[in-house]
Amino acid sequence: MLTQNYQSTGSGGKTMTRWRVMGLSRRNRTVQRALSILAIASIIQWFTGSDVPGSDQQSGEKATVPQPIVRTGSEPGPTVLVVAGIHGNEPAGIKAAQIIACWSVRRGKLVVLSPANPPGVEHRQRTIPGVPKEEADLNRNFVVEGKECRPKGTLAQQLWHHVAQIRPDWLVDLHESVRFHKDRGVGNTLIVYPREETLEVVKKLLAKVNPQITELDERFVVLRWPARGSLARAAGAVLGCQSFILESTRQDPIDRRIAYHCEFVRALLEELQMGLMQ
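How each quantity is defined
Residues numbered from 1 in each chain as written. Predicted model: local features only at pLDDT ≥ 70, side-chain atom pairs only at ≥ 80, totals over all residues. Heavy atoms only, no water. Helix = DSSP H or I, 4+ residues; strand = E, 2+ residues; numbered from the N terminus. Contact = heavy atoms within 4.5 Å. Salt bridge = Lys/Arg side-chain N within 4 Å of Asp/Glu carboxyl O. Buried < 20%, exposed > 50% of the residue type's maximum accessible area, 1.4 Å probe, protein only. Axes fitted to C-alpha atoms, helices over the stretch in contact; angles between N-to-C directions. Parallel < 35°, antiparallel > 145°, perpendicular 65-115°, else oblique. Left-handed = near helix turned anticlockwise from the far one by under 90°. Nonpolar A, V, L, I, M, F, W, Y, C, P; charged D, E, K, R; others polar.

Caption draft 1: Representation of the side chain of Asn117 in the model. With respect to the helices and strands, Asn117 occurs in the loop between strand S6 (107-113) and helix H3 (118-122). When near neighbours in sequence (up to four residues on either side) are disregarded, Asn117 contacts Gly85, Ile86, Gly88, Arg126, Thr127, Ile128, Leu138 and Leu155.

This is the structure:
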């Protein structure tokens, strides 16, 4: 669980709450390292006012998706693509992606693409600013027609180009919901494109992470079928990869959400025997 550790006052008289992860981080070096990196990043962010790469993007029509960060192992193996920041008001996935991008693997490739929606992140809003309403939700812009994906809008076209070039074996899309699944939200769920292999592996991930969550009705559950137009659904349908959306919930403190994102990606890399090096 998380407990509040202490509060301090920053520039402009703002109160900054420090959180200490109990249980989850104590038992896992990956999360301990993640939160240490996050603390450093938060200090830099506090003084510079900059959240993520691409924060100077003003218009969705002129914005560019950042180049993927690729960690290649010395041995052949699967390619895992982690995407975050498709919705600009979901910071936990973006911060987790910054941490995951620092990891290395012995086998295969670990690829991180974040933030996928830089202007949305800058404006701290879910949608893409400055584009037609029908293109505003980036995660509804990957339209599948037959055996092809026809992305709508500049950012979707760029993002799909990267994904199609990478051709991942696994795609994990990091998101945050407003409410827990127990409260009719999709928080603390894995929304899976339901291939048999994907479902089998996801069950193993739940078995690794859920025992660390003491509140039984807040443990992660599996849902099937990402929304139509979502990146995860298009990747599963068109590219044939294993794909799922990982949803934490804003009802949890941000440190816990970041930890969950990191824990599930770490568990996937371990399950695929990619030799995660920390």
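Caption draft 2: Quick look at the pattern of salt bridges. Under the definition given, this model contains 14 salt bridges. The shortest N-O distance in the salt bridge between Glu176 and Arg257 comes to 2.6 Å. Of this pair, Glu176 sits in strand S9 (residues 170-177) while Arg257 is found in helix H7 (residues 254-271), placing the two residues 81 residues apart along the sequence. Overall, the relative accessible area of 3% leaves Glu176 in the buried class. Since its relative accessible area comes to 8%, Arg257 is described here as buried. The partner of Arg256 in a salt bridge is Asp252, with the nearest N and O atoms 3.1 Å apart. Overall, Arg256 belongs to the buried group, its relative accessible area being 10%. Residue Asp252 is classed as buried on the basis of its relative accessible area, which comes to 5%.

Caption draft 3: Region of the structure containing the packing of helix H5 (residues 196-209) against H7. Taken N-terminus to C-terminus, the directions of H5 and H7 make an angle of 125°; their axes are 10 Å apart at the nearest point. One way to sum up the angle between H5 and H7 is to call them oblique. Judged by the twist between their axes, the crossing of H5 over H7 is right-handed. Between H5, through Val201, Lys204, Leu205, Leu206, Lys208 and Val209, and H7, the contact on the second element is made entirely by Glu263, Phe264, Ala267, Leu268, Glu270 and Glu271. Residues of the contact of H5 with H7, tallied by class, amount to 7 nonpolar, no polar and 5 charged.

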